[in-house]
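Structural features, examined
Chain by chain, the residues:
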Amino acid sequence: HGSSQINVHGHLEIGGVDTVALAKEHGTPLFVYDVALIRKKAAEFKEAFEKEQVPYQVAYASKAFSCIAMYQLANELGLSFDVVSGGELYTAIKAEVPMNKVHFHGNNKSPEELDLAVKAGIGCVVVDNFYEMTLLEETCVRHNKTMDVLLRITPGVEAHTHDYISTGQEDSKFGFDLTNGQVDQAIKQALASPHMNLLGVHSHIGSQIFETKGFVMAVEKIFEYIEHWRTELEFIPRVLNLGGGFGIRYVEGDEPLPGGEYVYQMIKVMKQYAEKAEMALPEIWIEPGRSLVGDAGTTLYTVGSQKDIPNVRHYLAVDGGMSDNLRPSLYQAEYEGILANRANEEATDTFSIAGKCCESGDMLIWDLPLPKANHEDILAVFCTGAYGYSMANNYNRIPRPPVVFAENGDVQLVVKREDYEDLVRLDLPLSR
Ligand code: LLP
């Protein structure tokens, strides 16, 4: 994975840093990010657009992993920012990234969130529904501002992925439906508003996608309507945002394409259709989350108790679990891992990695080949960089782990470990 390797002590190294030393210094569980790999992934997407000389924006879908340092890094890499809540927007504000590069998503943005967005002067709001359009209009009037907007449309394309993370199909809570006139109505309303500047449309078909077909189909669907929008509504989209969803390799058998490949296919089909429609090629925006940070993240755990059920299963318990990685219990997501302190040793058996939460479903990995593990061994679980920390929680009042960035032998703590004081900070004792 990325710049990870095994050093002379037989320890796993990430970004030139010994993970066993990291575990000692920062404790476990610990998220370690390989910053060089994030740089590489961002460059792949950008280079594809630049090679084809297509106007573009690559917005980092920060729901995958957000903290102040991550927004700053994304900014350094020339990315824009996709935020989906007041909390993410607030974090981006704190990171002092350029607000005109922030795109605001969400199917139920609150009046307060829209207020924050308009006041901050963000780059665009991706309007999801009619209620939001009314709220945004009112907010803009109040602040006497205009807002660039995209309309989130549901193209009726199904991505073949887990049901919970597939969003482009017709029966979805997100966006205006393309096929039943909702989009037309929304376009009219946005064009009529003096406070909205309608840039174009947005479609996101799902997540952890390995093929380009779904994206191509979404472009086809949109172009089916473009002629109609132009002649009937005098609307020509200047921006087509095709969302995120580019897959990564979690385990053997996952076969994602390189990031640039998705982009090339999008550009190709878009050029064909734009030419046919005799219109200028719209700007292409994408929103990768997982593919930028997913395989750059590794979680380090300390092995604790074990339970051997002869001829059935050997459980190894670690000091984290569904509190820092909800994906296995929520989506049956699979991961690979090794013993970071004995990275050279051959696997001799299979172990099932249990979390420490009071719940049978709190299993991180089933049947992982490992050398015979002891308590105090360090288990490294790979590819936890997306939707790991960001979906971490305090179930069982377990404090959330810290996060470090590693690069060229240098380590930076970017999120501190929660402590017990943090956990009771908002609690109020009974007053009577
Ligand atoms: N844009 C929009 C509008 C989205 O809804 C999403 C993800 C993305 C971009 C980024 O998708 P990505 O490139 O990361 O696949 N918690 C789930 C994933 C939920 C994704 C939700 N939307 C998981 O852990 O697999």
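Residues numbered from 1 in each chain as written. Predicted model: local features only at pLDDT ≥ 70, side-chain atom pairs only at ≥ 80, totals over all residues.

What counts is decided by this rule: UniProt positions are given in the numbering used here, feature names are shortened, and annotations may be inferred rather than shown by experiment.
An unreviewed UniProt entry lists the chain under the name Diaminopimelate decarboxylase, from Alkalicoccobacillus gibsonii. Quoted verbatim from the Sequence similarities (unreviewed entry) heading of the UniProt record, the comment on the chain is "Belongs to the Orn/Lys/Arg decarboxylase class-II family. LysA subfamily." UniProt, in its Subunit (unreviewed entry) section for the chain, records the words "Homodimer."

A closer look at the UniProt feature "binding site: substrate" (unreviewed entry) in the chain
Condition: A run of DSSP states H or I qualifies as a helix once it reaches four residues; a run of E qualifies as a strand once it reaches two. Both are numbered from the N-terminal end. Contact between two residues is assigned whenever their backbone-derived C-beta positions fall within 7 Å.
When the UniProt feature table is mapped to this numbering, "binding site: substrate" (unreviewed entry) covers R290, R327, Y331, E359 and Y387. These annotated residues cover 98 residues of sequence, and their C-alpha atoms reach 27.0 Å apart at the extremes, leaving them scattered rather than at a single site. Inspection of the secondary structure assignment puts Y387 in the loop between β19 (378-382) and β20 (403-407). Each residue touching Y387, except ones within four places of it in the same chain, is listed here: A64, R290 and R327.

Section: the domain arrangement of the chain
The criterion, for reference: The start and end points of each domain follow an automatic or database-based domain assignment.
When its domains are assigned, the chain resolves into domain 1 (5-34 + 296-424) and domain 2 (52-292). Distance between the C-alpha centres of domain 1 and domain 2: 33 Å. Mapped by element, the contributors of at least two residues to the side of domain 1 that touches domain 2 are β20 and β21 (410-415).

Thoughts on the environment of E96
Stated precisely, the cut-off is as follows: Working definition of burial: number of other C-beta atoms within 10 Å of the residue's own, with buried at 20 or more, exposed at 12 or fewer, and partly exposed in between, all C-beta atoms being placed from the backbone.
Locating E96 in the fold gives a position in the loop between α4 (86-94) and β7 (102-104). Owing to 11 C-beta atoms within 10 Å, E96 belongs among the exposed residues under this scheme. Along the backbone, E96 and Y71 are 25 residues apart, and their C-alpha atoms lie at a distance of 8.6 Å.

Here's the deal with the packing of α4 against helix α5 (residues 111-120)
Cut-off, in case you're wondering: Under this scheme, a helix contributes an axis fitted over its contacting stretch, all axes are lines through C-alpha atoms, and angles between N-to-C directions fall in the 0 to 180 degree range. For classification purposes, an angle smaller than 35 degrees is called roughly parallel, one larger than 145 roughly antiparallel, one from 65 to 115 roughly perpendicular, and anything else oblique. Left-handed is the label given to a crossing in which the near helix is rotated counterclockwise from the far helix by less than a right angle, and right-handed is the label when the rotation is clockwise. As a working rule, the residues Ala, Val, Leu, Ile, Met, Phe, Trp, Tyr, Cys and Pro are called nonpolar, Asp, Glu, Lys and Arg charged, and the rest polar, with Gly in that last group.
Remark: α4 packs on α5, axes separated minimally by 9 Å, with the N-to-C direction vectors making an angle of 25°. It follows that α4 is roughly parallel to α5 by the angle criterion. Considering only the axes of α4 and α5, their crossing is left-handed. Contacts between α4 and α5 pair G86, L89 and I93 from the former with E112, E113, L116, A117 and A120 from the latter. Along the lines of polarity and charge, the residues of the contact of α4 with α5 split into five nonpolar, one polar and two charged.

Focus: the nonpolar core
Basically, it comes down to this: Joining buried Ala, Val, Leu, Ile, Met, Phe, Trp, Tyr and Cys residues through C-beta atoms within 7 Å gives a set, and that set is a nonpolar core.
With 122 residues, the main nonpolar core has F81, V149, L151, A340 and L379 as its most contacted residues. The element best represented in this core is helix α2 (residues 35-51), accounting for seven residues. Looking at which domains feed residues into this core, each of domain 1 (5-34 + 296-424) and domain 2 (52-292) supplies at least three. Filtering out sequence-adjacent residues up to four positions away, L379 remains in contact with Y301, V303, V318, G337, L339, A340 and I353.

Re the sheet that holds strand β2 (residues 12-14)
We apply this condition: At least two DSSP bridges between two strands are required for those strands to pair.
Strand order in the open sheet made by the three strands is β1-β2-β3, with antiparallel pairing throughout. Two strands in the sheet have a free side with no partner beyond their single neighbour: β1 (5-6) and β3 (17-18). Where β1 and β2 come together, two bridges link them in antiparallel fashion. Pairing of I6 across the sheet is with L12, part of β2.

Topic: the site of the ligand
What counts, and what does not: For each residue, a C-beta atom is placed from the backbone, and the residue counts as near a molecule or strand when that atom lies within 6 Å of it.
The environment of the ligand is formed by 22 residues, the closest being A61, S207, G244, G289 and Y387. Counting residues per element, the ones that place at least two in the shell around the ligand are α10 (290-293) and α11 (327-331). Here the shell around the ligand spans two domains, since at least three of its residues come from each of domain 1 (5-34 + 296-424) and domain 2 (52-292).

Description of the environment of L316
Structurally, the position occupied by L316 is in strand β15 (residues 313-318). Assessed through the 25 C-beta atoms surrounding it within 10 Å, L316 is described here as buried. Residues L316 and E88 lie 228 residues apart in sequence; the distance between their C-alpha atoms is 35 Å. Look past the residues within four positions of L316 in its chain and what remains in contact with it is V303, Q306, F351, I353, A354 and A373.

A few points about the pairing of strand β13 (residues 283-286)
Heads up, the rule is: Classification remark: right-handed applies to a crossover when, strands pointing away from the viewer, the course from the first strand over the helix to the second runs clockwise.
The pairing of strand β5 (residues 56-61) with β13 spans three bridges and is classified as parallel. The residue bridging Y56 from the neighbouring strand is I284, located in β13. Alignment of strand β12 (residues 239-241) against β13, held across three bridges, turns out to be parallel. Bridged to N241 within β13 is W285. Where the polypeptide runs from β12 across helix α9 (residues 259-276) and back to β13, its parallel neighbour, the crossover connection is right-handed.

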